[in-house]
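Chain by chain, the residues run as shown.
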Amino acid sequence: MVLFFSILLLVILIYSNYFNNKIYFKDLKTYDKVEVFTDYKKDDKVVACYGNTLKCKKIKYKVQGRVNTKKLGVYTLTYRAKKNNKETSANKKVEVIDTKAPSLKINGVLNSVCPNGKTIGATYEAVDNYDGNITNKIKYKIKNNKIIYKVTDSSGNTTKKEFDVIIKDEEKPTLILNGESTIYMSVGNKYDEPGYVAIDNCDGNITGNVVVKGNVDTSKKGTYELNYSVKDEYGNETVVKRIVRVFPKNNYVPGVSNNKTIYLTFDDGPGAHTQRLLDILRQYNVKATFFVTGYDMRYNELLTKEHDEGHTVGLHSYTHNYGVIYTSIDAYMQDLLKIQEKVKQYTNEESKIIRFPGGSSNTISRRYKTGIMSDLTKKVEEIGFRYFDWTIMSGDAGNTKDSNKIVQNVINGIKEDKVNVILMHDTKSYTVDSVERIIQYGLANGYTFAPITMDSPVVHQKVNN
Ligand code: ZN
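Residues numbered from 1 in each chain as written. Predicted model: local features only at pLDDT ≥ 70, side-chain atom pairs only at ≥ 80, totals over all residues. Heavy atoms only, no water.

Caption draft 1: Unusual backbone geometry, seen in detail. With an omega of 0°, the peptide bond running from Gly269 to Pro270 counts as cis. Position of Pro270 relative to the elements: it lies in the loop between strand S23 (261-267) and helix H2 (274-283). One non-glycine residue, Asn85, lies in positive phi territory at about 65°. Of note, Asn85 is situated in the loop between strand S6 (73-83) and strand S7 (86-97). On the basis of relative accessible area, Asn85 is assigned to the exposed category, the value being 83%. Phi at Asn145 takes a positive value of approximately 55°, unusual for a residue other than glycine. In this fold, Asn145 is placed in the loop between strand S12 (139-143) and strand S13 (146-152). (Helix = DSSP H or I, 4+ residues; strand = E, 2+ residues; numbered from the N terminus. Buried < 20%, exposed > 50% of the residue type's maximum accessible area, 1.4 Å probe, protein only.)

What follows is the structure in structure tokens.
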């Protein structure tokens, strides 16, 4: 009985299979893989059948969907076949994968490596077939005098390379101070650290690791030392120092005479550099004397500034033309009164302080009139003017254009026991460049800077004509 039913079931199964035709696909994988950048050919082993499992009648089929082998991902292809109003579809997933490991190249010789893995004189590069340049994904490990580089692409493929190296860093970091290594300032001013930069051959910019020791007390006169130090990862240390000299402000008080006095005098201006000079003088409370000319109208307003900031505006010449002013007393006086008038217009003061163009000892005036300087030096004093020559030449009238040399000339000339009247020209940029250092020297050595007044000690040179 059981056997009978079993045979019957089998017959029914075979019968239904045989006669009940359907559409199906043969050899269709539901999942497939393809390497990126290769050709994915549609799997033409797939056959669409009409019939049953025992008998396949091939029929046509269509494939919908596309596999982009240039881009990693999973793509779905749909196979469709149709016959006698029956339709069947089946899906196939195709994954585009990357199984190739990136290339890792070292260029140059790797014999010495920084403790942090930085290579000196060698470069490395990693390129992946899919990700492109992935040099920035290179990782390294240092172990037992070996450096092991490792790079992994976005699909997880890894390339490793290992080299024997000597790990060392023999170079100290470079520590550069911004600003001067000696800074001069006066009491009461604020010390602003000009900063620094530290660069190490191995560690790169390590400015953040710089340690500054020492302090500057600007409320007290003195010499202060600041120590800047920085260490690289290997332990190499660089130390530099900066000196800050704090000295008293210029203590010139009108009407009070001082033993050690310096008179800065500036001829021929005002000019293009006078404003900068005034700024420097103001910073140090230093008063000076300007022997001015009248022909350049562009800087007229500076005459007012010079006066208002406490400097003496003295008279040099309106025209500064030797061939005119040294031809006669009258010609000189006309020129002198003209510059006096102009100065009065801008300062509301009648200046009687003079400096002769070329000084009272000039010999150039011989070309125009014999004895003119002898006459003029007497005449101007007779009518209430006072003329001032100089005792120290800065050398800026032609000998030098080097501000360092000017500073040196002046410093060499300054003496405690003489009247220090310095001849300079505010029409020259290199002269103005030198002034701050001269002031710093003077203040640091206990001198007072004063403007020339009618009461100042008279400095006269020997008249030569
Ligand atoms: Zn001059």
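Caption draft 2: Main features of the sheet that holds strand S16 (residues 174-177). Judged by pairing direction, the sheet is antiparallel, and its 3 strands sit side by side in the order S16-S18-S19 without closing on themselves. Two strands in the sheet have a free side with no partner beyond their single neighbour: S16 and strand S19 (204-205). Of the strand pairs in this sheet, S16 and strand S18 (residues 196-200) are connected by 4 bridges, and their pairing is antiparallel. Bridge pairing in S18 places Leu175 opposite Ala198. (Pairing = 2+ DSSP bridges.)

Caption draft 3: Summary view of the state of the cysteines. A complete count under the given rule lists 2 disulfides for this structure. Note that Cys49 is cross-linked by a disulfide to Cys56, the S-S spacing being 2.0 Å. Looking down the S-S bond of the Cys49 and Cys56 bridge, the torsion is -85°, so its handedness is left-handed. The class for Cys56 is partly exposed, based on a relative accessible area of 31%. (Disulfide = S-S within 2.5 Å.)

Caption draft 4: A look at the nonpolar core. Judged by nonpolar contacts, the single largest core of 51 residues is most densely connected at Leu264, Leu281, Tyr332, Leu336 and Ile439. Residues contacting Leu264, with those up to four places away along its chain left out, are Leu281, Val286, Ala288, Thr289, Ile422, Met424, Ile438, Ile439, Phe449 and Ala450. Counting residues in hydrophobic clusters, the runner-up holds 17 residues, among them Ala48, Ile59, Tyr79 and Val94. (Core = buried A, V, L, I, M, F, W, Y, C linked by side-chain atoms within 4.5 Å. Contact = heavy atoms within 4.5 Å.)

Caption draft 5: Molecular detail of the packing of aromatic side chains. Counted under the stated rule, the structure contains 12 aromatic pairs. Relative to Tyr79, the ring of Tyr61 has its centre 5.7 Å away and its plane inclined at 40°; by these criteria the two rings are tilted. Linking Tyr61 in strand S5 (residues 61-64) with Tyr79 in strand S6, this pair joins segments that are 18 residues apart in sequence. Tyr61 sits in the partly exposed class, given a relative accessible area of 27%. Under the relative-accessibility criterion, Tyr79 is labelled buried at 1%. By way of ring pairs, the aromatic residues Tyr322, Tyr326, Tyr332, Phe356 and Tyr387 are connected into one cluster. The ring of Tyr447 has Lys260 lying over it, and the distance from NZ or CZ to the ring centre is 4.8 Å. Positioned over the ring face of Tyr318 is Lys338, at 4.3 Å from the centre of the ring. (Phe/Tyr/Trp six-rings, centres within 6.5 Å; stacked < 30°, edge-to-face > 60°. Lys NZ or Arg CZ within 6 Å of the ring centre and 35° of its normal.)

Caption draft 6: Representation of the side chain of Thr312 within the structure. With respect to the helices, strands and loops of the structure, Thr312 is situated in strand S25 (residues 312-317). Given a relative accessible area of 12%, Thr312 falls into the buried group. Within polar-contact distance, the side chain of Thr312 engages the backbone oxygen of Ile452 at 2.7 Å. When neighbours within four sequence positions are excluded, Thr312 is seen to be in contact with Ala288, Thr289, Phe290, Ile353, Pro451 and Ile452. (Polar contact = N/O pair within 3.5 Å; in protein donor to acceptor, adjacent residues only side chain to side chain.)

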